[in-house]
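These are the residues of each chain, in order.
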Amino acid sequence: MAEMRLVVAGAGGRMGRTLVKAIVDIKGFALSGALEDARSPLIGWDAGTLAGTPENGVKLSGDAGPLLDKADGIIDFTTPSATVAFAALAAKGRKVHIIGTTGLSAADEAKIKDAAKSAVIVKSGNMSLGVNLLAALTRRVAKTLDNSFDIEILEMHHNQKVDAPSGTALMLGRAAAEGRGIDLDTHKVASRDGHTGARKAGDIGFAALRGGSVVGEHSVIFAGPAERVELVHKAEDRMIFARGALHAALWARTQKPGLYSMMDVLGLKDF
């Protein structure tokens, strides 16, 4: 099969540069376009140079349409508004759209779901293969242990992250809620401050730490009477997210239009 031609959205950012490098380093892919906000001072720069690889002649552009027309798909770790726009373009061209963007609203999610009627969309709060295994384990443990085990999710990220809890923490929370057969929205406790009273049985708590250059650390804690089970994942390099995104893109290339997750990609849906 020919190389998969991919456009990287947000190619001037940290994750975008990592994705460009991964496409260069991993066989089976070709960088066909690099996108940035049209107002960015990086427009016109060489994507390879920015990624720390040899110059590749792919210049950063602010016009997504023509780039996506010539590509098989787009990998997108950007902002909610940009992601919704890219989803519409992917639907128009019946392309693959890999979404690692977090902080999406319910309205954003609805637009992406609608776009998936024509595009092959894989969306995940975290593209790491290890984190998605962690989510599957979280669902299984939550299903196995009863309500005497309280569930708390702790995450830490670098000091430039703008959303909390992280998309990964919410993904883990949803996995725990699925295991318990409950709705996360009605059981989520996103923060605690002051005199909060005793913890309510069945709640799923979240705590977010921010500091330094931490790529991402997540813990799911099941705290029961006189014992505690902890599931932990620590990301040491953004390249793990890039590799997972490329794995998802290759899988999506042979799928019918629809909205998928990394659980589908890894065959963990029924774990």
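Shown above is the structure to which this text applies.
So, here is what we can say about the structure in this document.

The rules behind the values
Residues numbered from 1 in each chain as written. Predicted model: local features only at pLDDT ≥ 70, side-chain atom pairs only at ≥ 80, totals over all residues. Heavy atoms only, no water. Helix = DSSP H or I, 4+ residues; strand = E, 2+ residues; numbered from the N terminus. Buried < 20%, exposed > 50% of the residue type's maximum accessible area, 1.4 Å probe, protein only. Polar contact = N/O pair within 3.5 Å; in protein donor to acceptor, adjacent residues only side chain to side chain. Contact = heavy atoms within 4.5 Å. Pairing = 2+ DSSP bridges. Axes fitted to C-alpha atoms, helices over the stretch in contact; angles between N-to-C directions.

## Describing unusual backbone geometry
Thinking step 1. Pro165 follows Ala164 through a cis peptide bond whose omega is -10 degrees.
Thinking step 2. Within the element layout of this structure, Pro165 appears in the loop between β7 (150-157) and α7 (167-180).
Thinking step 3. Phi at Arg94 takes a positive value of approximately 55 degrees, unusual for a residue other than glycine.
Thinking step 4. Here Arg94 shows up in the loop between α4 (80-93) and β5 (96-99).
Thinking step 5. A positive phi is found at Ala226, a non-glycine position, where the angle reads about 70 degrees.
Thinking step 6. Its place among the elements puts Ala226 in the loop between β10 (216-224) and β11 (227-235).
Thinking step 7. Using a relative accessible area of 89% as the deciding quantity, one classes Ala226 as exposed.

## Quick word on the side chain of His157
Thinking step 1. One can find His157 in strand β7.
Thinking step 2. A distance of 2.8 Å separates the side chain of His157 from the side chain of Glu155, its partner in a polar contact.
Thinking step 3. Not counting residues up to four positions away in its chain, the partners in contact with His157 are Ser166, Leu209, Arg210, Gly211, Val214, Val215, Gly216 and His218.

## Here's the deal with the sheet that holds β7
Thinking step 1. The 5 strands are arranged β8-β9-β7-β10-β11 in an open sheet whose pairing can be described as mixed. With partners counted over all chains shown, the strands left at the sheet margins are β8 (188-189) and β11, one partner each.
Thinking step 2. As defined by bridge partners, β7 adjoins strand β9 (residues 204-210) across 7 bridges and the pair is classed as parallel. Each residue of the ladder has a partner; that of Met156, found in β9, is Leu209.
Thinking step 3. Strand contacts of helix α6 (residues 129-144): β7, β10 and β11, with the helix running at about 165 degrees to β11, the strand carrying the most contacts.

## What to know about the environment of Arg243
Thinking step 1. Within the element layout of this structure, Arg243 appears in helix α9 (residues 239-252).
Thinking step 2. Exposure remark for Arg243: the relative accessible area of 48% places this residue in the partly exposed category.
Thinking step 3. Through-space distance from the C-alpha of Arg243 to that of Ala119 is 21 Å; in sequence the pair is 124 residues apart.

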